[in-house]
Amino acid sequence: MPYTFTRSSELFQRAQRSIAAGVNSGIRKMEAPVPLYFTRGSGANLWDVDGNHYLDFQLGQGALLYGHAPAGMADALGAQARLGTHWAAQSELELDVAERIQRMIPSAELIRFNNSATEVVSAAFRLARAHTGRRLILRFEGHYHGWGDEGLVGFANPADKWGDDENPARTHPSKGVIPEVLDQFVVARWNDVAHLRRRVDAYRGQIAAIVFEPVLCNTCCLEPVAGLMSTIRELCDRDGMLMISDETITGFRFGAACAQGYYGYKPDLTILGKAVGGGTPFAALAGTRAAMAKILSGEVVHAGTLNGNPLCLAASKWCLDQVIALGADHPGRIQQLGRRLMAGLSALAAEHRVPLRPQGPGLIFHAVMLKPGAAEGPINDYRDYVRRQDAPRWAHLRRCLLEEGVRAIERGLWSISLAHTDADIDEALKRAAVAFRRHAATWQAPA
Ligand SMILES: Cc1ncc(COP(=O)(O)O)c(C=O)c1O
């Protein structure tokens with residue numbers, strides 16, 4: 001029998017009276033039929049208030065690289081909580097974590113901690129502008145850099161406003177933002193090296209930094225095409241711009257040296273979030289000594305009451321030790337599990353004639369639902385994705401999957417944790433088979 005969500009529905013109703021719109025982050029409203037309320041997690045498993053059990057591939061929006069509630073992290077947090085939860089001062093723990101990051105990521109010569117990647121993005125943009133004395137940041141369409149005013153420019157350009165292919169628009173999905181914020185950005189399309197060169201040349205001498213998600217996880221899990229990273233590096237060196245790698249999702253998921261190790265490039269600044277804290281509110285800015293110079297001199301303000309919080313540091317130290325201990329096995333093991341899951345989903349899609357195409361490097365991937373008549377073949381950039389994807393049909397399948405106890409990220413992204421096993425993938429595919437059958441039998445395209 002498909003799961004029901006009676007208790008979650010009751011709690012969501014109750015939440016309308018105390019929590020604005022019932023959720024604490026807008027995206028959580030996307031979960032259909034109702035935002036779920038959870039009671040506990042363990043490894044790849046998650047349980048909700050209705051007693052439903054899920055194999056979880058949402059993983060706290062990707063933060064839980066180590067799975068739910070790993071015992072070692074719980075011990076580290078418990079031990080630290082008894083010593084102190086917050087000092088707003090120094091502790092040896094912050095050196096333990098910073099030194100680990102230095103050892104793991106060659107470009108991380110110096111580090112500063114924050115509590116969310118959104119804050120780190122602000123710090124990185126501020127540093128880049130101070131470093132170069134220039135105003136503009138070049139960013140790519142469809143890339144998400146947190147929910148701050150600056151991080152969202154050009155993230156979700158609507159098709160009727162996105163401008164021609166050569167001059168992507170600078171739109172903002174939120175009201176309440178000062179219009180001049182948009183003027184601080186140049187937007188380019190992802191994965192088009194020649195277009196990027198033209199975009200940089202058009203604003204030559206005015207751009208402080210190029211910022212990007214190395215794998216466009218927030219839109220369809222698009223890996224960089226060959227030559228893209230080396231071109232960004234070359235242009236940054238040529239024009240004195242900073243290369244900012246936003247590794248909030250890819251950090252430590254793609255190996256100890258993150259996506260920059262996996263794809264072989266060296267940025268000036270790196271934004272770390274999610275897996276660096278394993279589900280605690282922890283994030284870090286890492287950079288070369290030269291790129292961090294204005295923090296060293298005190299000319300750039302970087303602050304925060306909870307920065308270097310000892311609970312987060314204790315968790316992070318445990319997390320990083322897991323990645324270090326895996327050595328060369330990481331990310332190969334989660335990649336192999338993810339590829340099995342992708343292949344299994346593809347086979348179910350073919351069997352039930354569902355136009356679902358999993359895409360990505362495996363250790364994280366996006367299940368793309370194609371519109372009727374949409375071209376086959378890999379999706380390459382944000383516009384291609386918007387043109388070809390069938391969002392209502394994916395939402396229907398995702399709900400069927402959820403009702404059988406398989407949970408992916410609302411927009412279609414799937415992450416694998418170090419706690420997932422082959423048996424978890426088998427079980428997820430067994431449940432997915434039921435979900436696909438029901439989806440194929442009940443899906444009706446809107447008239
Ligand atoms: C690439 C990227 N950058 C920045 C952020 C912002 O992270 P946070 O929500 O921790 O502020 C996110 C969040 O999903 C992200 O995916």
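Residues numbered from 1 in each chain as written. Predicted model: local features only at pLDDT ≥ 70, side-chain atom pairs only at ≥ 80, totals over all residues.

Re the overall build of the chain
Condition: Helix and strand labels come from DSSP, where a helix needs a run of H or I of at least four residues and a strand needs a run of E of at least two; each type is numbered from the N terminus. Just to be clear, the radius of gyration here is over C-alpha atoms, and the globule rule we use is 2.2 Å times residues to the power 0.38. Whether a residue is buried, exposed or partly exposed follows from its count of other C-beta atoms within 10 Å of its own C-beta, namely 20 or more, 12 or fewer, or something in between, respectively; the C-beta atoms are built from the backbone.
A tally of helices and strands in the chain yields 14 helices and 14 strands. Taken over the C-alpha trace, the chain has a radius of gyration of 22 Å; the compact-globule value for 447 residues is 22 Å, and the two agree within 12%. When the backbone C-alpha atoms are referred to their principal axes, the chain occupies close to 65 × 60 × 50 Å. With 447 residues in all, the chain has 48% of them scored as buried.

Thoughts on unusual backbone geometry
Each neighbour pair has its own omega, and for A32 with P33 the value is 10 degrees, a cis peptide bond. Topologically, P33 is positioned in the loop between α1 (6-15) and β1 (38-42). Of note, the bond from H330 into P331 is cis; its omega dihedral lies within 30 degrees of zero at 15 degrees. Secondary-structure assignment places P331 in the loop between α10 (310-326) and α11 (332-351). One non-glycine residue with positive phi stands out, namely C220, at about 75 degrees. With respect to the element layout, C220 can be found in the loop between β7 (207-212) and α7 (228-239). In this structure, C258 is a non-glycine residue whose phi angle is positive, near 65 degrees. Locating C258 in the fold gives a position in helix α8 (residues 258-263).

What about the sheet that holds strand β12 (residues 364-369)?
As a reminder of what qualifies: By this definition, two strands are paired if DSSP reports at least two bridges between them. Between N-to-C directions, angles cover 0 to 180 degrees, with each direction set by a line fitted to C-alpha atoms, over the stretch in contact for helices. Throughout, a pair of residues is in contact if the C-beta atoms placed from their backbones lie within 7 Å.
Spatial strand order, β11-β12-β14: three strands in an open sheet with antiparallel pairing. Edge positions in the sheet fall to β11 (356-359) and β14 (413-415), since each of these pairs with one other strand and no more. Averaged over all pairs of adjacent strands, the angle between their axes in this sheet comes to 25 degrees, without regard to strand direction. Two elements, β12 and β14, share three bridges in a ladder whose sense is antiparallel. From the neighbouring strand, F365 faces β14, where its bridge partner is W414. Lying on the sheet, α11 is in contact with β11, β12 and β14; it crosses β11 at an angle near 170 degrees.

Focus: the packing of helix α4 (residues 92-104) against α10
Selection criterion: Crossing handedness is defined as follows: a turn of the near helix away from the far one that is anticlockwise and smaller than a right angle gives a left-handed crossing, while the clockwise case is right-handed. Residue polarity follows a fixed list, in which Ala, Val, Leu, Ile, Met, Phe, Trp, Tyr, Cys and Pro are nonpolar, Asp, Glu, Lys and Arg are charged, and the others, Gly among them, are polar.
Direction vectors running N to C along α4 and α10 enclose 30 degrees, while the axes themselves pass 9 Å from each other. Two packed elements cross with a definite hand, and for α4 against α10 that hand is left-handed. Taking contact as the criterion, the partners of L93, E94, D96, V97, R100 and M104 in α4 are, on α10, P310, L313, A314, S316, K317, L320 and I324. The residue inventory of the contact of α4 with α10, partitioned by class, reads eight nonpolar, one polar and four charged.

Concerning the domain arrangement of the chain
Quick reminder of the rule: What marks off one domain from the next here is an automatic or database domain assignment.
Examined at the domain level, the chain breaks down into domain 1 (6-69 + 331-442) and domain 2 (71-328). For domain 1 versus domain 2, the distance between C-alpha centres works out to 25 Å. With 25 residues of domain 1 at the contact, the number on the domain 2 side is 29 residues. Every element with two or more residues in the side of domain 1 that touches domain 2 is listed here: α2 (59-62), β12 and α12 (382-388). Classifying every residue of the side of domain 1 that touches domain 2 by side-chain character gives 17 nonpolar, six polar and two charged.

Overview of the site of the ligand
Test applied: We call a residue near a molecule or strand if the C-beta atom, set from the backbone, is within 6 Å of it.
Surrounding the ligand, one finds 15 residues, the nearest of these being S116, A117, T118, G146 and T248. Taken together, the residues of the shell around the ligand break down into five nonpolar, eight polar and two charged.

Examining helix α5 (residues 117-132)
Selection criterion: Helix span, expected: 1.5 Å multiplied by one less than the number of residues in the helix.
Here α5 contains 16 residues, and its C-alpha end-to-end distance of 22 Å stays within 8% of the 22 Å for a straight helix at 1.5 Å per residue. Of the positions making up α5, those classed as buried are A117, E119, V120, V121, S122, A123, A124, F125, L127, A128 and H131. Count one or two residues on from α5 and you reach G133, which has phi positive near 70 degrees.

A closer look at the pairing of strand β9 (residues 269-272)
Applied cut-off: We call a crossover right-handed when, viewed with the strands running away from us, the connection from the first strand over the helix to the second turns clockwise.
Here β9 shows a buried face lined by L269 and I271 and a second buried face lined by T270 and L272. Of the strand pairs in this sheet, strand β8 (residues 242-247) and β9 are connected by four bridges, and their pairing is parallel. Residue pairing in the sheet places I244 in a bridge with L269 of β9. In the classification by handedness, the crossover that spans β8, the intervening α8 and the parallel β9 is right-handed. Across four bridges, β9 lies against strand β10 (residues 283-287) in antiparallel orientation. Paired with L269 across the two strands is G287, which belongs to β10.

What to know about the packing of helix α3 (residues 71-83) against α10
The test is simple: Angles below 35 degrees are treated as roughly parallel, those above 145 as roughly antiparallel, those between 65 and 115 as roughly perpendicular, and all remaining angles as oblique.
Their axes nearest at 9 Å, the elements α3 and α10 cross at an angle of 150 degrees. Viewed along their axes, α3 and α10 adopt a mutual orientation that is roughly antiparallel. Along this stretch, α3 crosses α10, giving a crossing that reads as right-handed. On the side of α3, the interface is formed by G72, M73, A76, L77, Q80 and A81, while α10 contributes P310, L311, A314, A315, K317, W318 and C319.

What about the pairing of strand β3 (residues 53-56)?
Strand residues, when the strand is regular, have side chains that alternate between the two faces of the sheet. For strand β2 (residues 45-48) and β3, the ladder comprises three bridges, and the chain directions are antiparallel. Residue L46 lies in a different strand from β3, and its bridge partner there is Y54. The antiparallel pairing of β2 with β3 creates a hairpin that spans four residues between the two strands, and G51 there sits at a positive phi of about 85 degrees. Pairing geometry for β3 and strand β13 (residues 406-407), over two bridges, is parallel. Among the inter-strand pairings, D56 is bridged to a residue of β13, identified as R407.

Overview of the nonpolar core
Threshold: We call a set of buried Ala, Val, Leu, Ile, Met, Phe, Trp, Tyr and Cys residues a nonpolar core when their C-beta atoms link them within 7 Å.
Formed by 120 residues in total, the largest nonpolar core has its most connected members in A124, A209, I210, L242, I244 and A284. Domain assignment of the residues forming this core places at least three in each of domain 1 (6-69 + 331-442) and domain 2 (71-328). Discounting residues that sit within four places of it in the chain, A209 has contacts with A128, I137, M241, L242 and I244.

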